[in-house]
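# Chains, contacts and geometry: an overview
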Amino acid sequence: MSEILASTPKGHIEVRNFSLAYETIEGPVQAVTDTQIHVKPGEFVSIVGPSGCGKSTLLNAVAGFLKPTTGIVTVDGERVNGPSAERGMVFQQYSLFPWKTVRENVEFGLKMRGMPRSQRERAARTLLGLAGLEAFEKHYPEKLSGGMKQRVGIVRALATGPKVLLLDEPFGALDAQTRVIMQQILTNMWQRLKISVLFVTHDIDEAIFLSDRVYCMTARPGSIKAEIPIPLERPRQQSMMMSSEFLALRRGLMSLIREESLKAMGGEINDMGMQGLSIELHGHSLADVI
Amino acid sequence: MSSPALVRHPEDSMPATAIAEAGPAPAATPPAAPPSFGTLALRWYRLNRAGLRAIAIGVTSLIAFLLVWHLLTTYRVVFFVRFTNVPSPLAVYASFSKAMHDPKFLMHILLSCRRIFIGFSLAAIVGVPLGLIMGRFKLVHEIIFPVAEVLRPIPAIAWVPMAIMLWPTNEQSIVFITFLGSFFPILVNTLHGMSLVDPVLVRAAQCLGARERSIFREVYFPASLPHIFTGLTVGMGVAWVSLIAAEMISGQYGIGYFTWEAYSLVQYADIALGMIAIGVLGLGSSLFIRGAGRLVMPWRTT
Ligand SMILES: Nc1ncnc2c1ncn2[C@@H]1O[C@H](COP(=O)(O)OP(=O)(O)OP(=O)(O)O)[C@@H](O)[C@H]1O
Ligand SMILES: [Mg+2]
């Protein structure tokens, strides 16, 4: 546990001159081009952008599932060349092992590391306690609600004491209330563990509420359009979402994304006309509509 | 997001969040006073009503079947099909009581069971690992799959002459046929299960530090288990089909041989007795596989 609850922040992510193209029959599909991002140790950074702009691609490259076509990904100065327990990942599709109980799921990473059973049981219980899940340790994932599944997913990814936590739209499938609670839990754990977080979302409010910094990506081929620091103080309260500071940030990000989303959808909606679309979207987040 | 009700949510209160979610929360049911026997029985009845109904209807339909059989044979109905020589249920029962005390009949059954046990076990021991390895390693798949595809459509019965040539004893060739019958369904279903393993689960395991061998043991194998058990169930059915055919053709013992011999010896009641014994044994063995599946896959409650 001492390792998991470390006191010095760690996990410096650097992505430099990054580009990635998928090989297809019709030739290479450029998903991401010319991208630089970094996450300082202990920082919480979000990536937002229109659908299909390459957010998942970028995150999967940091995780080590995809090799960059050009450029380099490093964590704490070490080059990433494959998935590892140093970089925990939470997927949108829950991805718990259905044949393992909640506790066995959380123990998995520790088991892979060769930790003796009694020791990892104790560690898993402690972590489940932190997430308010101790009553469900013997349940199979199938029996849990979406929010609980994702909480287990987060706890499982954190159990091995990774340097960074990567999340790809982890709350995308949850209802609004559950989502708020999950955001709170994630913030809580992040602050305790002092690791860096790279968080992909299409929800602008979520990005602002959680992050120290937000990267906004352009439409495909994706690159970084803007980098927005979020100076809101912590701990953050739900009530801050009504503050003028928050709303100003929201407006700024929203217009950035709207521009890109219209670009991304340009080919598909040319007959409908931009005007009709912008009226329809008034007051809503475009990302929600998409 | 802007709903005012959400603003009141207490910050940093983890335990409160557990309650806030919808979903199964058995821990939250309050301990009530112990209900009386009457209420318990009523509740049990309500929960199991569908099951009880199915049992009641099932028993009735079995009785109706016996009754129709009885009537058809006592009145020796001839209507396209001839029931003149078909034994009545009572005659079959009489021959059953006699057979129960006949060590020869019991030996027929025992030998058939032994052949199934050996042939089927071998098929499972070879088929499941082979399917897992073929599913994981492309080269093995590419080498073995074409041969398997050519051999697979050949019914086990068509193997009888070849089996007799291949194996020195009759016993071995019968077991071989049983093996072949169950081998292909087991192999094909295991392969199918492997091809359906969710790649996200493999990625999740990799992110948690799992290496090739652990991923195989902790992800691919358990993820394929439901299909492996489908294969075992189907394989068990085909094993019986193949066994009975082989015994009828080349056997000296076994329940298939018993049934065929009864026909040659004009002991009509024994024909039906053999058939029913085969049915019961087949049913029993597939129930056994299903029970084993439940034990091995406790996460699949449905
Ligand atoms: N395996 C693949 N082969 C070819 N093209 C792909 C592949 N995976 C993704 N792409 C394309 O690359 C682009 C970026 O995909 P990616 O999944 O990274 O986008 P995203 O920003 O995560 O989108 P979303 O918001 O829908 O999750 C998309 O246009 C997609 O069509
Ligand atoms: Mg994505």
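All of these numbers come straight from a predicted model, not from anything done at the bench.

### Let's talk about the overall build of chain B
Per the secondary structure count, chain B includes 13 helices and two strands. Looking at chain B as a whole, 36% of its 302 residues are labelled buried. When contacts within chain B are restricted to residue pairs at least 6 apart in sequence, long-range pairs at least 24 apart make up 67% of them. Carbon and sulfur atoms form 71% of the exposed surface of chain B, whose accessible area is close to 18200 Å².

### A word on the overall build of chain A
The helix and strand tally for chain A stands at nine helices and 10 strands. Here chain A, with 290 residues, has 57% of them falling under the buried criterion. Long-range contacts, defined as pairs at least 24 residues apart, comprise 70% of the intrachain contacts of chain A with a sequence gap of at least 6. Carbon and sulfur atoms form 51% of the exposed surface of chain A, whose accessible area is close to 12000 Å².

### As for the domain arrangement of chain B
Residue and element names in this part refer to chain B. Structurally, chain B comprises domain 1 (43–82) and domain 2 (89–296). Averaged C-alpha coordinates put domain 1 and domain 2 at centres separated by 30 Å. Each side of the interface is counted separately: domain 1 has four residues, and domain 2 has four residues. Surface buried jointly by domain 1 and domain 2 totals about 310 Å² across both partners, of which 89% is contributed by carbon and sulfur atoms. It is Leu-66, Trp-69 and His-70 that lose the most area in domain 1 upon contact with domain 2, and together they represent 95% of the buried surface on that side. Inspection of the region where domain 1 meets domain 2 yields zero salt bridges. Linking domain 1 to domain 2 there are zero residue pairs in polar contact (both at pLDDT 80 or more). Across the side of domain 1 that touches domain 2, the residue classes break down as two nonpolar, two polar and no charged.

### Re the confidence of the model for chain B
A low pLDDT means the predicted coordinates there should not be read in detail. Residue and element names in this part refer to chain B. Of all residues in chain B, 89% attain a pLDDT of 70 or more, and the chain-wide mean is 88. With pLDDT under 50 throughout, residues 1–28 is counted as low confidence; its partners more than four residues away or in other chains account for 44 contacts. Interface confidence in the predicted complex, given as ipTM, is 0.86; pTM for the same model is 0.83.

### Some points on the site of ligand 1
All names here are of chain A. Around ligand 1, a shell composed of Tyr-22, Thr-24, Ala-31, Ser-51, Gly-52, Cys-53, Gly-54, Lys-55, Ser-56, Thr-57, Glu-169 and Arg-220 is seen. Side-chain polar atom of Lys-55 to an oxygen atom of ligand 1: 2.9 Å apart, as the coordinates give it. Between an oxygen atom of ligand 1 and a side-chain N or O atom of Arg-220, the distance comes to 3.0 Å. Across the complex, the protein chains shield 63% of the 640 Å² of accessible surface that ligand 1 would expose by itself. Where the shell around ligand 1 is concerned, the elements lending two or more residues are β1 (13–24) and α1 (55–63).

### Structural notes on the side chain of Thr101(A)
Counting through the fold element by element, Thr101(A) comes out in the loop between β6 (87–90) and α2 (102–112). Beyond its immediate sequence surroundings of up to four residues, Thr101(A) is in contact with Glu137(A), Lys138(A), His139(A) and Tyr140(A).

### Some thoughts on the environment of Gln206(B)
Considering the arrangement of structural elements, one finds Gln206(B) in helix α10 (residues 199–207). A relative accessible area of 26% places Gln206(B) in the partly exposed class. Gln206(B) sits 34 residues away from Gln172(B) along the chain, and the two C-alpha atoms are 45 Å apart. Ignoring any residue separated from it by four or fewer positions in sequence, one finds Gln206(B) in contact with Phe65(A), Pro83(A), Ser84(A) and Ile215(B).

### Regarding the UniProt feature "domain: ABC transporter" (unreviewed entry) in chain A
In this numbering, the UniProt entry assigns the feature "domain: ABC transporter" (unreviewed entry) to residues 15–244 of chain A. For residues 15–244 of chain A, the end-to-end C-alpha separation is 33 Å, with 32% helix and 27% strand making up the annotated structure.

### Some remarks on the sheet that holds β6(A)
Residues and elements named next belong to chain A. Here we have six strands laid out as an open sheet, ordered β6-β7-β8-β3-β9-β10, and mixed in their pairing. Edge strands, defined here as strands with exactly one partner in the open sheet, are β6 and β10 (224–229). Sheet twist, expressed as the mean angle between neighbouring strand axes with direction ignored, is 15°. Both strand β9 (residues 213–217) and β10 contribute to a ladder of five bridges, which runs antiparallel. Bridged to Met-217 within β10 is Ile-224. Lying on the sheet, α1 is in contact with β3 (44–48), β6, β7 (164–168), β8 (196–200) and β9; it crosses β7 at an angle near 150°.

### Thoughts on the pattern of salt bridges
All names here are of chain A. Applying the stated criterion across every chain yields a total of 25 salt bridges over all chains. A salt bridge links Arg-250 to Asp-205; the nearest nitrogen and oxygen atoms lie 2.5 Å apart. Of this pair, Arg-250 sits in helix α7 (residues 244–269) while Asp-205 sits in helix α6 (residues 204–210), and the two are 45 residues apart along the sequence. For Asp-205, a relative accessible area of 9% gives the class buried. Within the structure, one salt-bridge network assembled from shared partners comprises Arg-103, Glu-107, Arg-120, Glu-121, Arg-125 and Glu-137.

### Remarks on the sheet that holds strand β4 (residues 70–75) of chain A
Residue and element names in this part refer to chain A. Taken in spatial order, the four strands line up as β2-β1-β4-β5 in an open sheet, and their pairing is antiparallel. The open sheet terminates on both sides in strands that have one partner only, identified here as β2 (27–39) and β5 (78–79). As paired elements, β1 and β2 share nine bridges and run antiparallel to each other. Residue Glu-23 lies in a different strand from β2, and its bridge partner there is Pro-28. Lying on the sheet, α1 is in contact with β1, β2 and β4; it crosses β1 at an angle near 115°.

Cut-offs applied
Residue positions within a chain follow its written sequence, with the count starting from 1. Here every chain gets a letter starting at A, and every ligand a number starting at 1, in the order they are written. The predicted nature of this model means local features are confined to residues of pLDDT at least 70 and side-chain atom pairs, given and counted, to a pLDDT of 80 or more, with totals for whole chains, interfaces and linings taken over all residues. Side-chain figures throughout are based on the complete set of non-hydrogen atoms in the structure, without hydrogens or water. By the criteria applied, helices consist of DSSP H or I runs no shorter than four residues and strands consist of E runs no shorter than two, each listed in order from the N terminus. Residue burial is assigned from relative accessible area. The probe radius is 1.4 Å, only protein chains are included, and a residue is buried under 20% of its type maximum, exposed over 50%, and partly exposed in between. By definition, residues are in contact when any of their heavy atoms lie within 4.5 Å. In short, Shrake-Rupley with a 1.4 Å probe defines the accessible areas, and a residue's cover is counted only from the protein chains shown. As annotated, the domain borders come from an automatic or database domain assignment. Accessible area that two parts lose when put together, evaluated with a 1.4 Å probe and summed over both, is termed the buried area. Within this document, salt bridges are pairs made up of a side-chain nitrogen of Lys or Arg and a carboxyl oxygen of Asp or Glu, the two lying within 4 Å of each other. By the criterion applied in these results, polar contacts are pairs of N or O atoms within 3.5 Å in which, for protein atoms, one can donate a hydrogen and the other can accept it, and in which residues neighboring in sequence qualify only through two side-chain atoms. The classification used treats Ala, Val, Leu, Ile, Met, Phe, Trp, Tyr, Cys and Pro as nonpolar, Asp, Glu, Lys and Arg as charged, and all other residues, Gly among them, as polar. Per residue, pLDDT measures the predictor's confidence, with a range of 0 to 100. Proximity is defined per residue: any heavy atom of the residue falling within 4 Å of a molecule or strand makes that residue near it. UniProt positions are given in the numbering used here, feature names are shortened, and annotations may be inferred rather than shown by experiment. Strand pairing is assigned whenever DSSP detects at least two bridges linking the two strands. In this analysis an axis means a line fitted to C-alpha atoms, helices contributing only their contacting stretch, and an angle means the value between N-to-C directions, from 0 to 180 degrees.

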